[in-house]
Structure formats: C-alpha cells, structure tokens
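These are the residues of each chain, in order.
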Amino acid sequence: MILTAPFRDNNPRLHVVGALVGAGLLILLLALFRVQVLHAEMYGSREQSQSLRRIRIPSARGDIVDRHGVVLAENRPRYDAVIYLDQLRGSKRQDIYRVIHSHLALLAQTMNLPVTLTEQEIRAHYLKRRPLPLVVWRDLSPSLAAQFAERAGHLPAVDLVATPVRHYPHGSLAAHVLGFSGQAEQPDDEEADEFYYYQADTAGKQGVEKVCDEYLRGAPGGRTIRVNPSGQTVAETGYKPAERGDRVVLTLDARIQRIVEQALDRAPLPAGAELRAAAVVLDPRTGEVLAMASRPTFDPNLFTPGAPAEQLSWVLRNPASPLLNRAIGARYAPGSIFKPVTLLAGLQHGAVTSADSVLCEGSLHIGNRSFGCWNRRGHGRVDAATALRLSCDVWFYQKGLAIKAETIAKEAGEFGLGQLCGLDLDGEKPGLVPTPAWKRLTLGERWWDGDTAQLSIGQSFLLVTPLQMACLTAALANGGTVWRPFVVQRVVTAENLIVSETKPEARRRISASPSDIEFVRQAMLSVVQATDGTGRAAAVRGIRVAGKTGTAEADLRVHGATQRVKRTWFIAFAPYESPEVALTVLFEEGASGGHTAAPVAGQILAGIFGRTVERVGQEGLHAD
Amino acid sequence: MPTNAPITVFKRMDWLLFAVMIALVVVGVCFIYSASYRGPGQPMPAFWRMQLVWFGVGLGLYLVVMAVDYRLICQWATLWYALAILLLLLVLVVGVKVYGARRWLGVGRLGIQPAELAKLALIIGLAYYLFHRTPEQRRRASTVWSGLLLMAMPFVLILVEPDLGSAMTLIPITFGMLFVAGARGKHLVLAALLGLCLTPVAWWHMKKYQRQRLTVFLNPDRDPLGAGWNLNQSLIAVGSGGVTGKGFLQGTQNSLGYLPRTVAPNDFLFSVIAEEKGFVGSAGVVGLYALLLWRGLWIAAHARDRLGMLLATGIVAMLFFHVFVNIGMTIGLMPVTGVPLPLLSYGGSFVLVTMTALGLLQNIWIHRRNY
C-alpha cells in the first residue's frame, strides 16, 4: 500500500524538461517553415515535374493556293495503326515486354502483316514516350485501314490514328516556288526536357513552305496529363487544341505555271544536251510572279515521311541539283538579251542616236584582237534599231566603246542587275555587273577596250539570274518601273481574315526618257515581228510580242575537261501595246536563243493568251 | 480512496487535455481517410473506420484507467513489467513476420505490438522503482544503473525484433524520468557516453535496410529511387503543400501513389496533412501537440506525489519523442524509422497505448494536490 507522502516539491527539473520539449517543437516549426514556406516553390515544381507530363499536339499546316484558289499544297490524312502501351498491364514489371510482344504477334496475325518494330524501339518507347501511341504500321492504304478497323479495331489498346501529312496534289508543279516541308527540329530549350512528350511539327524547309513557315505552321496544341509513379496516365488536367496554320495565297497562276513547265519540258534541245533550264513569268504591271520554273525538278511529296527513300536520295544526289531554283539561285552570262540595256544607255547619254549606222563586216578589230559578229558574213550597214533586231555584235562593239563601260554598268544597275531583286523567297543570287574599278580590285588587272566590247553584248564578266532578266524585261515593258518581284500575294486565316498582304513595290524608275525606252521597245518588237528578226520563233498569232534573243558562250569544266556550252536565252513581253506578261526563258545548254529559247517563249505566250504560235520554218529562223 | 465516484471524476478531470485529444483523433481519422482516398469511384479502404474502432476501444481503456487510482495501478508495476517482457519474448517466438521483422502478436484478426505496450510498462515500472527510493538513494549512481537495467531488458528484446524506432523511444523515457527523479547530471552524462560507445556494436548488428535508412537520412539524394524514395517523396509532399496546402483530398503525392500507399496512413500521415493543409495545417498539428505536452508537464508539476510526477514525465517524454521523430522524419530532420504519430497515425497498438497513457495523465490530475 502506497502512502501518500506530502509532496511540495516544485521540481525545477520539470522546467528543464519543459524547456527541452518547447525547444524541440520550435525546431520542428522552424524546419517546417523552411520546407513549406521558404522552399515551397522548389518542392512544388519538383512535384509537378514528376507527375505532370505535357504532350504536344502538332498543328495542321495551312494550304498554299495559287491566285485563283487552286490548291498547290494541302494536308491529307495518313492512317497509322498504333498501340497504346500504357493500356497494357503485365502481372509484374518485367512482364510488360512479354505482354507487348504477344499483343503485337496477335495483331500481326490478325492483319497478316509483319511487324517490323525492333525490341529496342519498343523498349525506348515504353520507357520514354509511354502515353503516346506506338506506331505499328505507318501510312496504311485506305483499303488496309478499312481492314484494320474491321478486323483489329476491337483488340484492346489498339487504335487507328489519322495524322495530317503534307501533300502536293500536282506533284512537281511549281516545286521550286513551293519548296517542301519535313519534320521540324525539336526546339532546343527547356520545354524539351524529359517530361515533355514532343511530337514534331511539319516545318517548311525550302521555298514558300520555308519563308511562310511561321504562318503555315499554326499553333501547336497540347494535353497535360497526370501520371502515377509507374508512368500510367491517371487524369487529363488540360487540353488545348492545335490551331490550323494560315492559308498562303500565291501570285502564281497554276494554269500559266503548267504551260511554262510543259513548254520547258518540250524544248527543242540540240542532241545530247541535258534539260537544265529556268523560266520566269512576271506581271509587268505589279511585279507579281505568275510562273517560275526550274529544270530538272523534283516531287516535293518525296519529302513527306514514309515516301520511297530511293527516289528521295536520287533527288539529293543528282549532280544536276534538282533542288536548285535556277530562276533565282544560278547565275549566267546573259549574252545578247543584254543589248537593250547597252542601247538604252547609249541613247540616254547621247553616245548613240537612232540614225547611227555602222558597217558590219562580220568582225571588228579592237586593239590587236579581232572580235567576231555571230554572223560571220556580216550584217552590212546597220542602224540602231536594226542592230537590235538582227542582234548585230559589231554595231554594239563599236557603240559600246563610245558609250563606255561605266555608263553601261550604271544602266544595268538601274535595272537591278548585280543586286538582289528582293523576291520573297530564299536563295536569290545577286549576279555581277563588272566595271573597270571592280576588275582592278578583284582581279588586279586593267580594263581593256575588249572588255567594254564584250560587256556591250552581255558577255565579259557579266552574270545575271533569269529573275533579274525578267524584272528588266518587265521594266522595259511597263515603260521604266523596276518592280520588286513577289510570289506571296497574301496570307489569310482559316476564317478568311487577311493576316498579311503584299503591296506591289516599285524599287525605282529608270532614268532614261520615255522616248528612248519606246525606241528600245519598238526595236524589241521587230525582233519578233519582223521577218528577219532573230526572235521570229516567239511570234504568236493575234498578239504583238516584243522580245530579244540571247546566246552566251560559257566554259564549263566537266571532269577536268573544258567544255564550251551555249547559254540560250529569250526575254519577251506581250501584248506590245499594253503588256500583261514579261518573261524570261533560259536553257543552260542550247543551240541558240532564236532556235531553242524563242520557240519555248512562243509556246508559253500562245498558251497564256490562248492563241497559237505562228508557223515559222527552220529556214526562216535567224539565229542568235 | 482507490476509486472515485464518476461525478467527481468528471468534475475534476482536465477537459482541455481531453479536448486536445479528441481534436487530434478527429484530425487523424480525417486524414487517414484522405491518405487512403484514391479518387472518385475508387474503392475506399476501411482504414479510417478501423481507426475509429480502435479509438472506441481506446476510449474505454481511457475511462477505466482514469477511474482507477494510478497508485493502485502502479502497485502492480512488477506484474505489468513482467507481462511486457513475457510478451516481448513471446513475439520473438511466435510473432508474425512482416517485412522481415517479428513485431506483431496475432490475436484473432487483430494484431498487437508488444513493443508499444512495453513503453507503458517501462514508464510504470520506472516510476514505481524511483518512487520507492529515498532522495539520497536517488542521487546515487546505483539508481541510475538500476534504471538503465530496467530499460535494457525491453530495449534489447525490441532491438532484436528488430524495431529500432520503438527501442529508441525507451531512452528518452528513462533519461527523462531519471533526470526528474533527481539523478545527478554527471551520472546521466556518463550513462549517455557509455551508450554512445555501444553504438558501433548496434551498427554492427543492424540489418541492411536499417543502415540504409540511416545513411539515406544523412544524404537523401544518394539513392532517390530506392532507399531515399520515401523521404524524398515526403519532402516533396510537405514542401509542395506550401502555406495553405492543396486542400482536403487534393494531395497528389499521396493519391497518385508517389508517397507509397503502405506508409501514407501511418508513418507518413503527417506528410499527407502537410501537403493538403500546408504550413497552416502542420503548424496547427504541432500546436495541438504543444498543448498536449504542456498539459502533461503541468500535470506532472501538480501531481499529488512523486509517483504521479514521474509517471507524467515518462508519458510526456514518450509522446514528445514520437512527435519529434515522426514529424522530423517527414522533413528529413530525423532518420526514417517506424515511429508513429500519437493519436494521428493509423495503428491499433499505439492508439491504445497513447489513450491509456492519457488516461493515466487524467488520473494523476484528478488526484492532484489540494484535493
């Protein structure tokens, strides 16, 4: 039995215990404060990053259409047979691959199609991209897709997914303007961390697809999902649908484009010559590009994932570089199509009058060298208009020396030669307009009179692109306005609201007087219309076509050996009275401008205006 | 004297202590519910209802213990102590093996953990022993050694189960009671140093998982997907709760299973509260415990005799250790051990032990001085 002892011991040690307990609780409070208040953000983001996954939904690219709404690039649905790995369960963790394999085997048996997925692909997908569908068969044909829906649709975790893929319904038509698209690079920022399921957009890689990529691409959507520690989806916490890209309306006219491409493909090339060519058709009233073609060409559909790889590699490895847009990205000596510039320079600066005549005897001695006319027999006595009509080299040699190289170069500069035209596509080359100062600086040589003579007929070091010549032709056609050429007319949203619109932009007016310009225009008219003109083959029934032929010699080095080829050109505008089109046709290798390029230009103009070409016998063709 | 009329008991009991206890019980049941919640339409595990049953039983014990004079209960101290040792021996022989440790004695479908009962038995035994020593005797080293010996028997038996956390609980109980009983500081320090010297031996005998837990405590990022998982996920849960929390049933760490479902309702219940109620909630819980422990010490200071004072001190030491180690564990302040949070964590044995201990506190208060 315990006796109750009197107890008046107000034990001070209890205070010590109390203090210790209090201190302990205070420590807990402070530590909790540190974790929950001071470091809350850090732990909050750790919580999100381990349980939240974002899935990016790529957007469908906008269409590209011609000026009349003809669709040049669109999307088609691609049907992929997929399997959702996160809907499969293994009894144990290691078991899951066995389950996946038996599932795939069942699928292969049902569809009677082999599964080509590798073990590594399956494992990588399971570990890194589990909530995304794993593609078993890509791009099923419509009949296979129907078969799949019928036979395999009921299998668990299996689905048929339609993905928009880029499609160019007209194949290679306007391929160099449209360009092509491929899978976008994964953005290299913090977005692309390991918790981010990236599904690539289609990105434009060349041409309008590249330049207007920002508009065409649209805005990707996304899903935010919560996953548990085994990576299985628990809930969807957010969804934003992808926005379709804007529609790009081009200045191109698909009809004219087709006419141009067909005309190039049917060009009367000399035997053994390869088809390497370019053509540009501009509206001389605005600078709109109505057609632009380059040969050889390619089918942009080859760049969509899943296209036959061997054809694509042929395109990529072809020594003729089919991807090169020769209309803007290659430089050539212009030859006689430059003569209108020389003539105009002479008229403007008083070195030449319309009545000035020169006796052409087939060649001219300058210094100690003889410079030949293309017509070795000589043109006899020729005045300015005749010189252009017959493309008499001797007249231009002599007058060129009088006009002087600098003046000619200045005139060429006014037309935009030696500079970028400012086309709204990538890959333009500026070309080259040589001057005595340029030659001294870059080659360290003096400028000879022979150089001036060569320059006056569009040779020497002069290099131009077909687009530059088309702009020049357009300026002659419209009486002196050099337009900035453009292919993108406007960008509109899916609701047809205008996002951006290109206004025609005059780069400059050439300083030559209207009467001088008219003189050159008339001379160009006679090139085609006169029976002895060098551009007879470009004549079209019912409309008056003005033009100029050109044949420039260029030395190519092929396998170590020098090979001389003839760049053959034709520039033209029509109708003469109020020009609606200005065009340039170039063949890297042809017989002559009059024989090779002029008939092609004639075909194009006849097609554009719905006319037929004038029949001209071979004997009626005067070459240059 | 042994028993009191119910009316007097209710008139004299500490209603604040009772209210704090009920508050903690309610919070506990609510968050055990939340901790086992897995989303709408998912089957609801019955943990929270089981816990209510345990509290029902515990409340019965509470009333009984409250009503019978603590001096009478302590007269049987030797019996309680012997019984506890017997059960500890029994569990080593016929205990149910869970996760490689024999801690459970199966009684039908229910299981009890003798280690939890041993804590209470030690408190009563020590109080009874120290109460019967004269003040001079209590200042002798021999009293300290005897006290430590009383502790050592259950300590070793619990350690070999193994249950490191429960064994460690006996240390603050013993030292706290010896200290309050008047043992000399130098003797206590000497005893503590001796204990430290024995630590390497303990380390040597530890299981691999125990060592891992301790090393992980020192460096939680060493193995975040393995041994450090619980600690890391608990830290993320507590930290991401922020100031005000994500809301009841909104804790993703717990419902998605990042905080493992096997530990969320018991050892890591505090993490669930902290995630869903934020710093406000966790400070509230700490505040409730502060109130409880302060009442305990108040009762110790106002006990009728040294026996009551020692009993109350032992109970406060036990509860404090549990609170500190458990909450400290959820935020990486303490190593991960299975020390439950009094009145909150899911688990029958410790609920019963805590309720009995609180009943004893009430008992001491009812029979306080000036009576």
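Rules behind the numbers
Residues numbered from 1 in each chain as written. Chains lettered and ligands numbered in written order. Predicted model: local features only at pLDDT ≥ 70, side-chain atom pairs only at ≥ 80, totals over all residues. Helix = DSSP H or I, 4+ residues; strand = E, 2+ residues; numbered from the N terminus. Buried ≥ 20, exposed ≤ 12 C-beta atoms within 10 Å, placed from the backbone. Contact = placed C-beta atoms within 7 Å. Core = buried A, V, L, I, M, F, W, Y, C linked by C-beta atoms within 7 Å. Axes fitted to C-alpha atoms, helices over the stretch in contact; angles between N-to-C directions. Parallel < 35°, antiparallel > 145°, perpendicular 65-115°, else oblique. Left-handed = near helix turned anticlockwise from the far one by under 90°. Nonpolar A, V, L, I, M, F, W, Y, C, P; charged D, E, K, R; others polar. Pairing = 2+ DSSP bridges. Expected span 1.5 Å × (residues − 1).

Take the overall build of chain A next. Scanning chain A from terminus to terminus reveals 20 helices and 24 strands. Looking at the 624 residues of chain A, the share that counts as buried comes to 45%. Counting only contacts in chain A whose residues sit at least 6 apart along the sequence, the fraction spanning at least 24 positions is 74%.

The helix and strand inventory of chain B stands at 16 helices and three strands. Burial analysis of chain B (371 residues in total) assigns 54% to the buried set. Sequence-distant contacts in chain B: of pairs separated by 6 or more residues, those separated by 24 or more amount to 73%.

In this assembly, 44 residues from chain B lie in contact with 34 residues from chain A. Going through the elements one at a time, helix H4 (70-75), helix H9 (164-181), helix H12 (229-240), helix H13 (252-255), helix H14 (269-301) and helix H15 (306-330) of chain B are the ones with two or more residues in the side of chain B that touches chain A. If one sorts the elements of the side of chain B that touches chain A by residue count, H14(B) sits on top with twelve residues.

Right, let's get into the nonpolar core. In this structure, A:Val208, A:Ala279, A:Val280, A:Ala572, A:Leu583 and A:Ala601 are the most contacted members of the largest nonpolar core, which totals 139 residues. With nine residues, the top contributor of residues to this core is helix H18 (residues 466-477) of chain A. Core analysis: the second largest hydrophobic core is formed by 126 residues, B:Leu17, B:Tyr62, B:Leu178 and B:Ala274 among them.

Moving on to the packing of helix H6 (residues 114-131) of chain B against H9(B). To describe two helices that pack against each other, one gives the angle between their axes and the distance between the axes. Residues and elements named next belong to chain B. Orientation of H6 relative to H9, taken along the N-to-C sense of each, is 15°, at an axis distance of 10 Å. Here H6 lies roughly parallel to H9, going by the angle between them. Relative to H9, H6 is oriented so that their crossing is right-handed. Between H6, through Ala115, Glu116, Lys119, Leu122, Ile123, Leu126, Ala127 and Leu130, and H9, the contact on the second element is made entirely by Ser166, Thr169, Leu170, Ile173, Thr174, Met177 and Ala181. Tallied by class, residues from the contact of H6 with H9 come to ten nonpolar, three polar and two charged.

Right, let's get into the sheet that holds strand S22 (residues 546-558) of chain A. Residues and elements named next belong to chain A. Reading across from one edge, S13-S12-S24-S23-S22 is the order of the five strands in this open sheet, with antiparallel pairing throughout. The outermost strands of the open sheet, each flanked by one partner alone, are strand S13 (289-295) and S22. This sheet shows a mean twist of 10° between the axes of neighbouring strands, independent of strand direction. With respect to the sheet, H18 is in contact with strand S12 (277-282), strand S23 (561-574) and strand S24 (581-587), its orientation differing from that of S24 by roughly 150°. Against the sheet, helix H20 (residues 593-609) makes contact with S12, S22, S23 and S24, and its axis sits at roughly 35° relative to S23, the strand it touches most.

Moving on, we get to the pairing of strand S16 (residues 369-372) of chain A. Residues and elements named next belong to chain A. Where strand S15 (residues 363-366) and S16 come together, four bridges link them in antiparallel fashion. In the sheet register, Leu364 faces S16, and the bridge partner there is Phe371. A loop of two residues connects S15 with S16, the two strands running antiparallel in sequence, and Gly367 in this loop sits at a positive phi of about 65°.

Right, let's get into H15(B). All names here are of chain B. With 25 residues, H15 ought to run about 36 Å at 1.5 Å a step, and its terminal C-alpha atoms sit 36 Å apart, in line with that. Along H15, 25 of the 25 residues are buried, which leaves the element largely enclosed by surrounding structure. One or two positions beyond H15, positive phi appears at Gly332, with a value near 80°.

What follows covers the environment of A:Gln206. Residues and elements named next belong to chain A. Within the fold, Gln206 resides in the loop between strand S8 (202-204) and helix H7 (207-211). For Gln206 and Gly427, which are 221 residues apart along the polypeptide, the C-alpha to C-alpha distance reads 9.1 Å. For Gln206, the residues in contact, after removing those within four places along its chain, are Gly179, Phe180 and Leu323.

The next point concerns the packing of helix H1 (residues 12-38) of chain A against H9(B). Where H1(A) contacts H9(B), the axes come no closer than 8 Å and their chain directions differ by 150°. Here H1(A) lies roughly antiparallel to H9(B), going by the angle between them. Contact residues: H1(A) offers A:Arg13, A:Leu14 and A:Val17, while H9(B) offers B:Gly176, B:Phe179 and B:Val180. Residue composition of the contact of H1(A) with H9(B), grouped by class: four nonpolar, one polar and one charged.

Residue A:Arg295 is joined to A:Pro296 through a cis peptide bond whose omega torsion reads 0°. Here A:Pro296 lies in the loop between S13 and helix H10 (309-317). Here the residue pair A:Ala574 and A:Pro575 is connected by a cis peptide bond, since its omega of -15° sits within 30 degrees of zero. Here A:Pro575 is to be found in the loop between S23 and S24. One non-glycine residue with positive phi stands out, namely A:Lys404, at about 85°. Within the secondary structure, A:Lys404 is located in the loop between helix H14 (393-403) and helix H15 (405-414). Although it is not a glycine, B:Leu249 adopts a positive phi angle of roughly 70°. Position of B:Leu249 among the secondary structure elements: in the loop between H12 and H13. A tally of 16 C-beta atoms within 10 Å means that B:Leu249 is categorised as partly exposed.

Attention shifts here to the environment of B:Phe18. All names here are of chain B. Relative to the helices and strands, Phe18 resides in helix H2 (residues 15-36). You can call Phe18 partly exposed: it has 16 C-beta atoms within 10 Å. Between the C-alpha atom of Phe18 and that of Gly359, which follows or precedes it by 341 residues, the distance is 9.2 Å.

Turning to the environment of B:Gly228, a few remarks are in order. Residue position: B:Gly228 is located in the loop between helix H11 (208-218) and H12. Each C-alpha atom, one on B:Gly228 and one on B:Val336, is 9.4 Å from the other, the two residues being 108 residues apart in sequence.

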